[in-house]
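Read off the chains here:
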Amino acid sequence: MKSKLAISALARKFNLSVNGADVEIGSVALASQLCEPGSLFIATQGLKHHGLDFLDQAISKGAVAVLSDREVDASVPSMVHPDPKAIAGEIADEIFGTSESKMMLLGVTGTNGKTSTTNYLHQILSGIGLKAGMSASTNRIVGDTQLPAALTSPEVTELHHLLWQMRAAGAQHAAIEVSAQAMIRHRVDAVKFKVVGFSNLSRDHLDDFLDMDQYLSAKAELFTPRFAEQGVLLVEDEWAKKLYEASEIPVAGIGEGLEYQYVYRDEVLSITGKQTLDVCFPQGALMAKNLVLALVMLLEAGFSPEQLTQAVAKADLYVPGRLELVSSAKPHVYVDYAHTPAGVASAVAEIAARYPKLTLVLGASGNRDLGKRAEMGVAAASADLLIITDQHPRDEDPASIRHALISSAATKLDKGRILEIPDPAQAIRRAITDTDSESAVLWCGPGHLTYREIRGQKVPFDARAIAREAVQS
């Protein structure tokens, strides 16, 4: 049950004063549209608007009080704190009782692979026979219900509410994907994980972070006693090594000379070290890395090798839009979410190793880390045919995004093997037409998403459905 707290009690706990009557708070939200009867609306500064701009909407939804960073003349009681977002998690914990719930929470961070690892954790827990929830980029899972995901990690009040919903549905375990932005924007405050996992770190989000060291520092915060009891790291890059050595909590490393090692051969994944297990896994070496991290996290959480082996045998270990084969028709077409240089390089290498030739369809997003586009183009250059198309231009000129990809790819790939087709639906059709039946097409960028972002609008666009229809026609 949610706790109902008098606003005066909240004010005392956080050393605030209340302007108005003493009302009972039964929920809390950072977004006005998520307010419900009895909500405390926390109004903060956003990228374009201040939450107070939507106070009337919050009140119409049922908000009975407001907390903001400035004085407000409102028809409901109000409180002021210089940084309301900094205490939003603790307030949500008071209301939703997260810290007292005794749920086993498993968190996953990293540049690439964290969504797949989170999905694998959920599927394996379910395979063991446990009721488990999930919050990932692909979707949220509460009981038997799947909910859409707007952000990789939801705002902190939404996360606490989500965990409360999971418990109400009978879950005692949950797998949570945690982004670097979530760490610096207070989205997992007052959430304590049993085990956290780290997949890798490579260039991404340098529009949010000054450099790679700052990017790592954001993720490293998850590996502190404030957020987690213990950690597991896949130690295959210099950043993982730094985190392994500097972690403030006990950690187990996966890598040569560390606590765990793994080998993937002939569709069998073998883990050795502190504990051992072998599982059949036909999805390839790249996805096997994500499964390794999930399995070792569960071993460190206390599950036995026998439990995990049996659970993996029951699970299909499918992750939407992650190296997803969209149809059995030929040529085989894969859709992937890769949108970083390392992600593109890994996906290309994985699929190219399985087929005589590979056609790659690639786009990049606007208004995001402009510097990584050149590196993405270079990463794409090992394809036999490269088709550059549009992905999420957002507010940028899509032609300039394509030009950055083409210019860099052309330094490594003969220009005769690079095509520019702005319309992504036409690009995938051309890719299928130009690829023989024994080779493959890989479409990097869209993954599981069912829209494209163009000038502030989310335009419906399901890449997997479009690719499936194109290869089958």
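My aim in this report is to walk through the structure given alongside it, one point at a time.

**What to know about the nonpolar core**
Counting residues in each nonpolar core, the largest one holds 66 residues, and the members touching the most others are L295, L360, L362 and L442. Here the element with the most residues in this core is helix α9 (residues 285-301); it accounts for twelve residues. The contacts of L360, once residues within four sequence positions are left out, are V344, V348, A380, A383, L385, L386, I387, L442 and C444. A174, V196, L216 and L222 belong to the second-largest nonpolar core, a separate cluster that totals 34 residues.

**Here we look at unusual backbone geometry**
Looking along the chain, the bond that leaves K330 and enters P331 is cis, with omega of 0 degrees. Here P331 shows up in the loop between β18 (324-325) and β19 (332-336). Phi at H186 takes a positive value of approximately 65 degrees, unusual for a residue other than glycine. Of note, H186 is situated in the loop between α6 (180-184) and β12 (193-198). Unlike most non-glycine residues, L323 shows phi in positive territory, near 45 degrees. With respect to the helices, strands and loops of the structure, L323 is situated in the loop between α10 (305-314) and β18.

**Description of the layout of surface pockets**
Approximately 260 Å³ is the volume found for the second largest pocket. Elements with a contribution of two residues or more to the lining of the second largest pocket: β7 (104-109) and β12. Of the residues that constitute the lining of the second largest pocket, the class distribution is seven nonpolar, three polar and five charged.

Conventions and cut-offs
Residues numbered from 1 in each chain as written. Predicted model: local features only at pLDDT ≥ 70, side-chain atom pairs only at ≥ 80, totals over all residues. Heavy atoms only, no water. Core = buried A, V, L, I, M, F, W, Y, C linked by side-chain atoms within 4.5 Å. Buried < 20%, exposed > 50% of the residue type's maximum accessible area, 1.4 Å probe, protein only. Helix = DSSP H or I, 4+ residues; strand = E, 2+ residues; numbered from the N terminus. Contact = heavy atoms within 4.5 Å. 1 Å grid on protein atoms, 1.4 Å probe; cavity = no way out; pocket = protein on both sides within 12 Å on 5 of 7 lines; lining within 4 Å. Points joined across faces, edges and corners; volume = space filled by probe spheres on them. Nonpolar A, V, L, I, M, F, W, Y, C, P; charged D, E, K, R; others polar.

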